[in-house]
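Observations on the model geometry
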Amino acid sequence: MIRLLGSIGLLAALLTPSLPAAASVDPAAEEGRLVAVTDQNYDSLPDARIRLLDPTVADWNTAAALKWTWSPTTSNGFTGLTSAWGLPSDVKLRMNSAGAYVAVVADSRGLAALIGYPAGNKLWGVNVGAANNPHSVELLPNGNVAVAASAGGFIRIYTASQGSSSSSYVSYPLPDAHGVQWDPTNQLLWVLGGDQLVGLTISGTAANPVINANPVVITLPTGGGHDLTPMLDNHDRLWVSTGSKVYQVSKSAKSVVATFDEAGVKSVSSMPNAQQVRTIPKAGCRTSWCTDTVTFAVPAATRTLTGSEIYKARVWSSRYE
């Protein structure tokens, strides 16, 4: 049974926004070892950013812990889109069809983007709309980008493969859409909303994608579906968090195979060595969904970034499963 330690407190003061986007990182060497956090800085929205941190460094308030940081600016190609940033909601490391490292990001103020990593330059980006609340994002193998929007209640497949500002999309309705994850084994796009974990089949072409009818549907025992990530130590399983539970779902069995009584988990993922990484809202943080502490389990640990307003923490791995 998993035991998660209680939150401590966290900081971003030493992790200044003036740090270059491309610090001295070796993408291949750092895969599956670092943790990216989405820091929603309400005191200064322009300072909200993605921070890539080393969990082997005990004090995350030191320069040694910070490996990379990013936010959209006019200088890295996001002219006209910086106003759609300020509440980063998701980030994932991926590898594109050319074998280059990239990252996909989403922000509740509207931005969905694909950037080079570690350079941080814009490869693609659109404003999905703050009213829709983009909550999660995924890169598809053909270069298109899937976005889950919780307030909009939809999954969109944007034709990012067709140009850096391509805004055309196809849509699938999903109330309270919160999660999206590509499954290369089954060639499905798993999406999460409410108590529904849905496997979508995408056909057509990169320029004209089609979301097929008759998806795979797994009804979860509880509602409030929030996060969806792969178990990197088990290719068949997905992590799913809801308002009151954390589940492991078998893709092959199409069912929940393990349940943990952990409420309010905003993000859950695991490293290739099976260590778990989670964020849980902390009393005293500015919003009801943020924390300044990332919690690890198996083995248990915590890392605190004092003054930060972390929403999600992601294992920094380009693997889909």
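Up top you'll find the structure we're talking about.
In this report, the structure presented in the accompanying data block is examined. (Residues numbered from 1 in each chain as written. Predicted model: local features only at pLDDT ≥ 70, side-chain atom pairs only at ≥ 80, totals over all residues. Heavy atoms only, no water.)

Take the overall build of the protein next. Counting its secondary structure elements, the protein contains one helix and 26 strands. Taken over C-alpha atoms, the radius of gyration comes to 18 Å for the protein, in line with the 20 Å a tight globule of 321 residues would show. Projected onto the principal axes, the alpha-carbon positions of the protein cover approximately 50 × 45 × 35 Å. Out of the 321 residues belonging to the protein, those deemed buried represent 58%. The long-range share in the protein, meaning contacts at least 24 apart out of those at least 6 apart in sequence, stands at 52%. Carbon together with sulfur atoms contributes 54% to the accessible area of the protein, which is approximately 11300 Å² in total. Averaging the positions of the 22 positive and the 22 negative side-chain charges in the protein gives two centres separated by 1 Å. (Helix = DSSP H or I, 4+ residues; strand = E, 2+ residues; numbered from the N terminus. Rg over C-alpha atoms; globule rule 2.2 N^0.38 Å. Buried < 20%, exposed > 50% of the residue type's maximum accessible area, 1.4 Å probe, protein only. Contact = heavy atoms within 4.5 Å. Areas by Shrake-Rupley, 256 points an atom, 1.4 Å probe, with all protein chains shown as cover. Lys, Arg positive; Asp, Glu negative; His and termini not counted. Charge placed at Lys NZ, Arg CZ, Asp CG, Glu CD.)

Strand order in the open sheet formed by four strands is β18-β19-β20-β21, with antiparallel pairing between adjacent strands. The open sheet is flanked by β18 (227–230) and β21 (255–260), the only strands paired with a single partner. Strand-to-strand twist across the sheet, computed as the mean angle between neighbouring axes with direction ignored, equals 25°. Pairing analysis gives four bridges linking β18 to strand β19 (residues 237–241), with the strands arranged antiparallel. In the sheet register, D227 faces β19, and the bridge partner there is S241. (Pairing = 2+ DSSP bridges. Axes fitted to C-alpha atoms, helices over the stretch in contact; angles between N-to-C directions.)

A separate point is the state of the cysteines. One pass over the full model with this rule turns up one disulfide. Residue pairing for C285: its cysteine sulfur links by disulfide to C290, the two sulfurs lying 1.9 Å apart. Its S-S torsion of approximately -120° makes the covalent link between C285 and C290 left-handed. No difference in accessibility class separates C285 from C290, as the two residues are buried. (Disulfide = S-S within 2.5 Å.)

Checked against the element boundaries, S250 lands in strand β20 (residues 246–250). The buried category is assigned to S250, whose relative accessible area is 4%. Within the local environment of S250, its side chain forms a polar contact with the side chain of D236, the two groups lying 2.6 Å apart. One polar contact links the side chain of S250 to the main-chain amide nitrogen of A253, over a distance of 3.0 Å. (Polar contact = N/O pair within 3.5 Å; in protein donor to acceptor, adjacent residues only side chain to side chain.)

Cis geometry is adopted by the peptide bond preceding P118, which originates at Y117 and carries an omega value of 10°. Examined against the element boundaries, P118 turns out to sit in the loop between β6 (111–116) and β7 (122–127). For the peptide bond that leads from V298 to P299, omega is 5°, which places it in the cis range. Structurally, P299 is set in the loop between β24 (293–297) and β25 (301–304). The phi dihedral of N133 falls on the positive side, at around 55°, and the residue is not glycine. Its location among the elements puts N133 in the loop between β7 and β8 (134–139). Here the phi dihedral of N214 falls at roughly 60°; this positive angle occurs in a residue that is not glycine.

Time to look at the sheet that holds strand β17 (residues 216–219). The sheet built from four strands is open, its strands ordered β12-β13-β14-β17 with antiparallel pairing. Either end of the sheet is taken by a strand with one partner, and the two such strands are β12 (177–183) and β17. In this sheet, adjacent strand axes meet at a mean angle of 20° when their direction is disregarded. Relative to β17, strand β14 (residues 196–200) runs antiparallel, the two sharing four bridges.

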